[in-house]
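Structural characterization, general
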Amino acid sequence: MKVNVYFENTEMGAYTCYVEEDIPLFALFGYGNTPEDAKKDMLEAYNEITKILQSKGEKPAELDFIFHYPV
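Below, the structure is looked at part by part.

Rules and cut-offs
- Residues numbered from 1 in each chain as written.
- Predicted model: local features only at pLDDT ≥ 70, side-chain atom pairs only at ≥ 80, totals over all residues.
- Heavy atoms only, no water.
- Phe/Tyr/Trp six-rings, centres within 6.5 Å; stacked < 30°, edge-to-face > 60°.
- Helix = DSSP H or I, 4+ residues; strand = E, 2+ residues; numbered from the N terminus.
- Buried < 20%, exposed > 50% of the residue type's maximum accessible area, 1.4 Å probe, protein only.
- Core = buried A, V, L, I, M, F, W, Y, C linked by side-chain atoms within 4.5 Å.
- Pairing = 2+ DSSP bridges.
- Axes fitted to C-alpha atoms, helices over the stretch in contact; angles between N-to-C directions.
- Contact = heavy atoms within 4.5 Å.

Quick notes on the packing of aromatic side chains
- A full pass over the atoms with the stated rule returns seven aromatic pairs.
- Here the aromatic rings of Phe7 and Tyr69 are separated by 4.7 Å at their centres, their planes lie at 10°, and the arrangement is stacked. A residue pair is termed long-range when its members are at least 10 positions apart, and Phe7 in strand 1 (residues 2-9) and Tyr69 in the segment after strand 4 (64-68) qualify at 62 residues.
- For Phe7, a relative accessible area of 7% puts it in the buried group.
- Overall, Tyr69 belongs to the partly exposed group, its relative accessible area being 37%.
- Summarising the aromatic geometry, the rings of Phe26 and Tyr46 are spaced 6.2 Å apart at their centres and angled 40° between planes, so their arrangement reads as tilted. With Phe26 in the loop between strand 2 (15-19) and strand 3 (29-32) and Tyr46 in helix 1 (residues 35-55), this pair connects stretches of sequence that are 20 residues apart.

The following block contains the structure:
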């Protein structure tokens, strides 16, 4: 499943990223001081969620990320 990841700069100078599409069984967000930190946080969450769902016998969606960085 292809998903679009968008980055936003917060008022505090940090960054968030989120997947725009609805994903079955979960949602994905990331936070960090840079866009790369937010991306890393989100991908770590995706890996953790995938492991948890698999341990419960669920088949999480395999995602193909398309990153849209801020300009």
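Side note on the nonpolar core
- Of all hydrophobic cores here, the largest spans 16 residues; its most connected members are Val19, Leu28, Leu63 and Phe65.
- Going through the elements one at a time, strand 1, strand 2 and helix 1 are the ones with two or more residues in this core.

Section: the sheet that holds strand 1
- Pairing is mixed across the open sheet formed by four strands, whose spatial order is 3-2-1-4. In the strand order of this sheet, the two ends are held by strand 3 and strand 4, each with one partner. Put simply, the sheet's adjacent strands are angled 20° from each other on average, direction ignored.
- Strand direction decides the pairing type here: strand 1 and strand 2, joined by five bridges, are antiparallel. Opposite Glu8, over in strand 2, you have Thr16 as the bridge partner.
- Sitting on the sheet, helix 1 is in contact with strand 1, strand 2, strand 3 and strand 4, with an inclination near 140° to strand 3.

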